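One letter stands for each residue in the lines below.
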Amino acid sequence: MLLLPCRPRLVLFGRQFTTTGAVLAKKGPVSKIRIPSKKAMAAKVRRRAAKEARRVDHSDDMSLDAAIAVLRAVEVARPRACYELFVKADLRGGGITVPKGRINIPREPKPKPEDTVLVFAEGRQAEEAKRAGAQIVGGVELIEGILSSRLKANTILCTPALIRAITPRLGRFLGPMGLMPTERRGTVTDDVEGYIKRIKSSSEWKADRAGNIRMPIARMDFSIEDVVKNFRYVMDAIKRVTGNVKLRDTREDNQRKVIPIMKVTLSSRSAPGIPISDY
């Protein structure tokens with residue numbers, strides 16, 4: 001660094017001022033901030049999850065078959081009690097969407113609750129939605145009823161022709177509840193009838209904001225084979241949504257953000273959660 005000599009002092013109105021020459025910085029290449037790729041960030045998340053998993057005490061973990069045997073013994077007096085599955089997903093970090101999906105368990109432990117379906121559609125598509133079983137069908141006139149909570153639904157669909165009309169008023173209201181129709185979730189579609197038929201034969205699962213997923217997966221009076229089959233089916237669905245199973249060998253799949261699964265337990269009403277080792 002080169003310092004220029006000081007200039008002579010100036011005297012103005014009886015006060016002395018000293019001026020210093022400019023400091024010249026060394027010339028050189030400007031350092032650039034390296035931004036990691038999405039693939040590198042996903043690999044970092046997987047390494048962090050593996051490191052944290054090694055710190056967890058797994059001495060109490062059981063195999064799935066052993067856990068089923070223990071719970072059946074505890075609930076021997078209640079054959080219609082349910083096996084409760086608990087999955088802890090790591091949602092730390094920015095930009096992670098709360099995992100959710102729809103499944104059709106091979107053998108349902110409980111009767112499926114009927115979904116209330118609201119559809120924004122007009123003309124022929126509105127008639128198709130009514131035939132498929134949608135309880136509430138209409139156009140933009142439904143907006144006021146939704147905002148006032150007079151119209152409530154578990155599933156809301158919309159045709160592409162109406163999505164621009166409802167988004168400005170309903171986006172902030174339905175978005176935090178996970179009910180706003182979006183193309184990514186498939187709830188903005190021209191095939192309204194087909195979508196309603198698909199959800200009629202499936203049930204929804206969803207994590208809370210802390211990443212906890214809870215659902216009944218079987219009853220105590222089910223055969224062990226049925227319990228194992230239901231458990232594997234549900235876990236496979238959760239792994240696909242959280243990115244823990246590679247769906248296809250494409251660049252898009254490689255860049256998907258992986259949500260690590262921290263813990264999987266199986267419990268019942270009268271028994272504590274048993275950590276499962278072979279999920």
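This text follows the structure it describes.
For the structure given in this document, a descriptive report is provided here. Every value quoted in this text rests on a predicted model; they were computed, and no experiment measured them.

Criteria and cut-off values
- Residues numbered from 1 in each chain as written.
- Predicted model: local features only at pLDDT ≥ 70, side-chain atom pairs only at ≥ 80, totals over all residues.
- Heavy atoms only, no water.
- Helix = DSSP H or I, 4+ residues; strand = E, 2+ residues; numbered from the N terminus.
- Buried < 20%, exposed > 50% of the residue type's maximum accessible area, 1.4 Å probe, protein only.
- Contact = heavy atoms within 4.5 Å.
- Core = buried A, V, L, I, M, F, W, Y, C linked by side-chain atoms within 4.5 Å.
- Pairing = 2+ DSSP bridges.
- Axes fitted to C-alpha atoms, helices over the stretch in contact; angles between N-to-C directions.
- Patch = residues over 30% accessible without salt bridge, like charges linked within 9 Å, V, L, I, M, F, W, Y side chains within 5 Å.
- Areas by Shrake-Rupley, 256 points an atom, 1.4 Å probe, with all protein chains shown as cover.
- Salt bridge = Lys/Arg side-chain N within 4 Å of Asp/Glu carboxyl O.
- Lys, Arg positive; Asp, Glu negative; His and termini not counted.
- Charge placed at Lys NZ, Arg CZ, Asp CG, Glu CD.
- Parallel < 35°, antiparallel > 145°, perpendicular 65-115°, else oblique.
- Left-handed = near helix turned anticlockwise from the far one by under 90°.
- Nonpolar A, V, L, I, M, F, W, Y, C, P; charged D, E, K, R; others polar.

A few points about the environment of glutamine 125
Right, on to step 1. Relative to the helices and strands, glutamine 125 is located in helix 3 (residues 124-132).
Right, on to step 2. What makes glutamine 125 buried here is its relative accessible area of 13%.
Right, on to step 3. For glutamine 125 and glutamate 193, which are 68 residues apart along the polypeptide, the C-alpha to C-alpha distance reads 7.9 Å.
Right, on to step 4. Once you skip the residues sitting within four places of it in the chain, glutamine 125 turns out to touch Thr159 and Asp190.

Details of the nonpolar core
Right, on to step 1. Within the largest apolar cluster, 31 residues are counted, with the highest numbers of intra-cluster contacts made by Tyr83, Leu85, Ile217 and Leu266.
Right, on to step 2. Looking at this core, the elements with two or more residues in it are helix 2 (64-74), strand 5 (82-89), strand 11 (212-219), helix 7 (224-242) and strand 12 (261-267).
Right, on to step 3. Beyond its immediate chain neighbours, meaning those up to four positions away, tyrosine 83 contacts Ile68, Leu71, Arg72, Met215, Pro216, Ile217, Ala218, Arg219, Met220, Val227, Leu266 and Ser267.
Right, on to step 4. Counting residues in hydrophobic clusters, the runner-up holds 18 residues, among them Ile163, Leu174, Met180 and Val188.

Quick look at the sheet that holds strand 9 (residues 155-158)
Right, on to step 1. Reading across the sheet, the 3 strands line up as 8-7-9 and stay open at both edges, with parallel pairing between neighbours. Taken across any chain shown, the strands that pair with only one partner, and hence form the sheet edges, are strand 8 (136-138) and strand 9. Averaged over all pairs of adjacent strands, the angle between strand axes in this sheet comes to 10 degrees, irrespective of strand direction.
Right, on to step 2. In the packing of helix 5 (residues 160-174) onto the sheet, the strands contacted are strand 7 (117-120) and strand 9, and the crossing angle to strand 9 comes to about 145 degrees.

Here's the deal with a positive patch on the surface
Right, on to step 1. A surface patch of positive charge is lined by Arg184, Arg185, Lys206 and Arg209.
Right, on to step 2. Structurally, the position occupied by arginine 185 is in the loop between helix 5 and helix 6 (192-200).

So, the pairing of strand 6 (residues 100-103)
Right, on to step 1. On strand 6, burial follows the alternation: Gly101 and Ile103 on one face are buried, whereas Lys100 and Arg102 on the facing-out side are not.
Right, on to step 2. In this structure, strand 6 lies alongside strand 10 (residues 203-206), joined through 4 bridges in antiparallel fashion. For arginine 102, the partnering residue across the bridge sits in strand 10 and is glutamate 204.

A closer look at the side chain of threonine 265
Right, on to step 1. Relative to the helices and strands, threonine 265 is located in strand 12.
Right, on to step 2. Judged by its relative accessible area of 9%, threonine 265 is buried.

Concerning the sheet that holds strand 13 (residues 274-275)
Right, on to step 1. The strand order 11-5-12-13 describes an open sheet built from 4 strands, whose pairing is antiparallel. Looking at which strands have only one partner, the edges of the open sheet turn out to be strand 11 and strand 13.
Right, on to step 2. For strand 5 and strand 11, the ladder comprises 7 bridges, and the chain directions are antiparallel. When the bridges of strand 11 are listed, tyrosine 83 appears paired with alanine 218.

Some remarks on the packing of helix 2 against helix 7
Right, on to step 1. Two numbers describe how helix 2 lies on helix 7: the axes approach to 11 Å, and their chain directions differ by 125 degrees. Classed by the angle they form, the pair helix 2 and helix 7 counts as oblique. Pair helix 2 / helix 7 crosses with right-handed handedness. Counted together, Leu64, Asp65, Ile68 and Arg72 of helix 2 and Ile224, Val227, Val228, Phe231 and Arg232 of helix 7 form the full contact between these two elements.
Right, on to step 2. Looking at the contact of helix 2 with helix 7 residue by residue, the classes come out as 6 nonpolar, no polar and 3 charged.

Things to note about the environment of glycine 101
Right, on to step 1. Checked against the element boundaries, glycine 101 lands in strand 6.
Right, on to step 2. With a relative accessible area of 16%, glycine 101 lands in the buried category.
Right, on to step 3. Excluding its chain neighbours within four sequence positions, the residues that come into contact with glycine 101 are Ser203, Glu204 and Trp205.

Remarks on the pattern of salt bridges
Right, on to step 1. One pass over the full model with this rule turns up 10 salt bridges.
Right, on to step 2. In this structure, the salt-bridge partner of arginine 78 is glutamate 75, at a minimum N-O distance of 2.9 Å.
Right, on to step 3. On the accessibility criterion, arginine 78 (32% relative accessible area) is partly exposed.
Right, on to step 4. With a closest N to O distance of 3.6 Å, aspartate 278 and arginine 232 form a salt bridge. One end of the pair, aspartate 278, is in the segment after strand 13; the other, arginine 232, is in helix 7, with 46 residues separating them in the sequence.
Right, on to step 5. We classify aspartate 278 as partly exposed; its relative accessible area is 31%.
Right, on to step 6. Put simply, Arg80, Arg219 and Asp221 are held in one network by salt bridges that share partners.

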